[in-house]
Amino acid sequence: MSDVARAGSIEPGSGQLTADVDATHGLDLYRRMQLIRRFEERVYLHYLQGELPGTLHQSQGQEAVAVGICDALRPTDWITSTHRPHGHALAKGVDLRAAMAELYGKATGCCGGKGGSMHLGDPSVGMLPAIAIVGGGNTVVTGLGLAFKLMRTDQVAVCFFGEGASNEGAFHEGLNFAAVQHLPIVFACENNLYGASTPFHQVSLVPDVATRAVAYGVRGEIVDGMDVLAVREAAGRAVAEARAGAGPVLLECKTYRFAGHSRGDVKGYRSREEEVLWKERDPIVRLRARLAATLDAGVLDDMDAQVEAALDDAIEFARQSPLPRAEDALTDAYATVISGGSAS
Amino acid sequence: METPVSTAVSTPDARVTVRCTYREAMRAAIREAMHRDPRVFLMGEDVGRYGGSFAVSMGLLAEFGPERIRDTPLSESAFVGAGIGAALVGMRPIVEIMTVNFSLLALDQILNNAATLSHMSGGQFSVPLVIRMTTGAGRQLAAQHSHSLEGWYAHIPGLKVLTPATLEDARGMLWTALEDPDPVLIFENGVLYNMEGDLPDDAGPVEISHAAVRRHGDDLTLITYGGTLPKTLEAAERLAKEDIDCEVIDLRTLRPLDTDAIVTSVSRTTRAVVVDEGWRSGSISAEVSARIVEGAFYRLDSPVLRVCTAEVPIPYAKHLEDAALPQVETIMAAVRQSVASDG
């Protein structure tokens, strides 16, 4: 990594935010983070109003991780995600209407209403159905990397996971498996400090997940997950290494989930002071401040309005979409049609 | 395609056959798949340099190289997950798990991922993965290397479960499984690996949707699969000397289950005994029995009986292990009991 590429070397007022990110690009990062933020806030409102079923795992506060990492990927690269996948899905390019309709359980949803909030995915944008078993993606991602290697493509796979998953056996198996085979994978840890209610310091004597990279002979790096430009830069390095065949990288993004773990979580396990401290580092507010130095405030306000309009459209689309037919519950368990219509 | 062994002979019907073992038939199947499709690769513990714990992949590393015959870390969750991931993006992996007991270390991957991804994604994805594993007892390997959990896996929608019990099926099921877009589990009963016989040298892929009648008979239907097929056939031959003429159905595929074959046969013979190396409670033998009751109840002349493994972990000492497993004698006794019953 040359010094030139470091954010700190950029001349103030040049319109460049980092060596790789100019103001236009930065505005796009802003738009995508704002889309995720407002998506989460609006679906939560509709959830509380009883319009959305099931449960929701929101990611307000973590937008810089999803957006910064996906921005370093090509459309042909792939990601795996978790029970908290909305941000990853929108960052990787899952259609907004299809994602929204999936949360509404509609036939037009990306999974036809069969997956719901926790299983968003779309092969056309390189996202596996999100795997909601903690650590479940950490081994499946190795198969993506292995396939890319065997097929001699230069694709990269990113595995999003939380710090809680680093205590699952699958984290260790997957990282070691990828390491010994030099697979083109970035293990992107979203360390939001809590596994549901349990603080990481209570379940790990190692405060940084990235430290665990040492045990597997791979490079670990810690980045400020509340700074999309820093995440973008670190992800760019990690993805480039993986793509070049240098093997996996463990990238730990220190972040914070502003909302509770899931529905009904009143966050009694953490202090209001701590929450305020992290909200002062809100990645969207920070980027907006950076952009305001070079862009008219009107441009950013316009962008906010566009995001609201897109969400208005997506929500209306989801509401108007048909429900799946009851008999659709019985299809797709197998890709093949089994004689007699029964797969049992 | 190379024949498993070189001693080809002509049979009266002019088909050339080769003498080979179940193990060699399975190896020939893997070799054929590797030749037919560059997307196919084999991955598992000790499958390469060592040739597989049960010597199925012996010689394949030299033939196909380490990129396609891949030794893995002892990480069942990782290499089964890797198989799922590779299958999702276009490869055709064959994953070998050393024994069915070890597959439990990858159960999350098999059940929560392989079996669900197609349905959960609304059909956007499929998982064309084949997982092979050794199953079954009879080799004095005790309670952590001997169980028969294939019926348990057959409980899971989204999976297909195959139990090759003949040389033809050992030779032919793999390619068909690889062509299937869904995850397929192949259970190779360990006592079958050394089974030897004559296999047509042009033996190739077989269909995997139907049960097979391995012996025709009129008095009673014996229904079994996998490692207990040879014992069941032997019991049927010995019972023929007592003038009891048994039909023997080899289920071949536990999911989807060929209900028609079972019901058709039992409707004709009016009696059924299910032989299952799995435990009795909540088992595939229970499922088969239920389907007989659902489909042939009014044709039955006696209650459906079952011969299963005793509900204990498999013991080590030979006579203890024998006592726990279905045996020719216990199968024969159940048949006699059924025939003696007027229902």
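Residues numbered from 1 in each chain as written. Chains lettered and ligands numbered in written order. Predicted model: local features only at pLDDT ≥ 70, side-chain atom pairs only at ≥ 80, totals over all residues. Heavy atoms only, no water.

## Considerations on the overall build of chain B
Note the threshold: Helix and strand assignments follow DSSP, with helices taken as H or I runs no shorter than four residues and strands as E runs no shorter than two, numbered in order from the N terminus. Buried, partly exposed and exposed residues are distinguished by accessible area as a fraction of the type maximum, computed with a 1.4 Å probe on protein chains only: under 20%, between the cut-offs, and over 50%, respectively. Every residue pair with non-hydrogen atoms within 4.5 Å of one another is taken to be in contact. The method behind every accessible area is Shrake-Rupley, applied with a 1.4 Å probe, and residues are considered shielded solely by the protein chains displayed. Counted as positive: Lys and Arg. Counted as negative: Asp and Glu. His and the chain ends are not counted at all. All charge positions are set by atom: Lys at NZ, Arg at CZ, Asp at CG, Glu at CD.
Within chain B one finds 13 helices and 15 strands. Dimensions of chain B along its principal axes, counting C-alpha atoms only, are 60 × 50 × 40 Å. Here chain B, with 343 residues, has 61% of them falling under the buried criterion. Long-range pairs, those at least 24 residues apart, make up 80% of the contacts in chain B with a sequence separation of at least 6. As presented, chain B carries roughly 12,700 Å² of accessible surface, and 53% of it is formed by carbon and sulfur atoms. Distance from the positive charge centre (30 side chains) to the negative charge centre (46 side chains) of chain B: 1 Å.

## Considerations on the packing of aromatic side chains
The test is simple: Each Phe, Tyr or Trp ring (for Trp, its six-membered ring) is paired with any other whose centre lies within 6.5 Å, and the angle between the two planes then decides the class: stacked below 30 degrees, edge-to-face above 60, tilted in between.
What the rule picks out here adds up to 10 aromatic pairs over all chains. Look at Y256 of chain A and W278 of chain A: their rings are 5.1 Å apart centre to centre, the planes differ by 5 degrees, and that puts the pair in the stacked class. On the criterion of sequence distance, the pair formed by Y256 of chain A in the loop between β7 (249–254) and α9 (272–279) and W278 of chain A in helix α9 is long-range, its members being 22 residues apart. In this pair, the class of Y256 of chain A matches that of W278 of chain A, namely buried. With 6.2 Å between their ring centres and 70 degrees between their planes, W152 of chain B and Y153 of chain B make a pair best called edge-to-face. According to the relative accessible area criterion, W152 of chain B is partly exposed, its value standing at 47%. Of the residues examined, Y153 of chain B reaches a relative accessible area of 0% and is grouped as buried. Each member of the aromatic cluster is reached from another via a ring pair, and the members are Y22, F54 and Y193 of chain B.

## Here we look at empty space enclosed by the protein
Rolled over the atoms, a probe with the dimensions of a water molecule shows which regions are left empty. Residues and elements named next belong to chain B. Counted only if it meets this: The definitions used throughout rest on a 1 Å grid laid over the protein atoms alone, on which a cavity is an enclosed set of points accommodating a 1.4 Å probe that cannot get out and a pocket is an open set flanked by protein within 12 Å on both sides along at least five of seven lines; lining residues are those having an atom within 4 Å of a point. Grid points are joined across faces, edges and corners, and a volume is the space filled by probe spheres set on the points. Three classes are used, and their members are as follows: Ala, Val, Leu, Ile, Met, Phe, Trp, Tyr, Cys and Pro are nonpolar, Asp, Glu, Lys and Arg are charged, and the others, Gly among them, are polar. Throughout the structure description, domain borders are defined by an automatic or database domain assignment.
Counted according to the given criterion, the structure contains three cavities of 30 Å³ or more. Reported here for the largest cavity is a volume of approximately 50 Å³. Around the largest cavity, the lining residues are A137, S146, H147, S148, L149, E277, G278, W279, T309 and I314. Residues of the lining of the largest cavity, tallied by class, amount to four nonpolar, five polar and one charged. Lining the lining of the largest cavity are residues from two domains, each supplying at least three of them: domain 1 (8–200) and domain 2 (212–340).

## Considering the packing of helix α10 (residues 259–269) of chain B against helix α11 (residues 284–296) of chain B
For any two helices packed against each other, the geometry is given by the interaxial angle and the distance between the axes. All names here are of chain B. Here is the rule: Every axis corresponds to a line fitted to the C-alpha atoms, with the helix fit spanning only the stretch in contact, and the corresponding angles, defined between N-to-C directions, vary from 0 to 180 degrees. Definitions for this section: a left-handed crossing has its near helix turned counterclockwise from the far helix by less than a right angle. A right-handed crossing has that turn clockwise.
In contact at an axis separation of 9 Å, α10 and α11 are set at 65 degrees when each is read in the N-to-C sense. Between α10 and α11 lies a crossing of right-handed hand. The residues of α11 that touch α10, namely those facing T259, I262, V263, V266 and S267, are V288, R291, I292, G295 and A296. Looking at the contact of α10 with α11, its residues break down into six nonpolar, three polar and one charged.

## A look at the sheet that holds strand β11 (residues 220–224) of chain B
Residues and elements named next belong to chain B. Put simply, the rule reads: What makes two strands pair is DSSP finding at least two bridges between them.
Across the sheet, which stays open at both edges, the five strands sit in the order β10-β12-β11-β14-β15 with mixed pairing between neighbours. What marks the edges here is a single partner per strand, and that holds for β10 (212–215) and β15 (305–309). Mean inter-strand twist for the sheet, computed between neighbouring axes without regard to direction, equals 25 degrees. In the packing of helix α9 (residues 229–240) onto the sheet, the strands contacted are β10, β11, β12 (246–250) and β14 (272–279), and the crossing angle to β12 comes to about 170 degrees.

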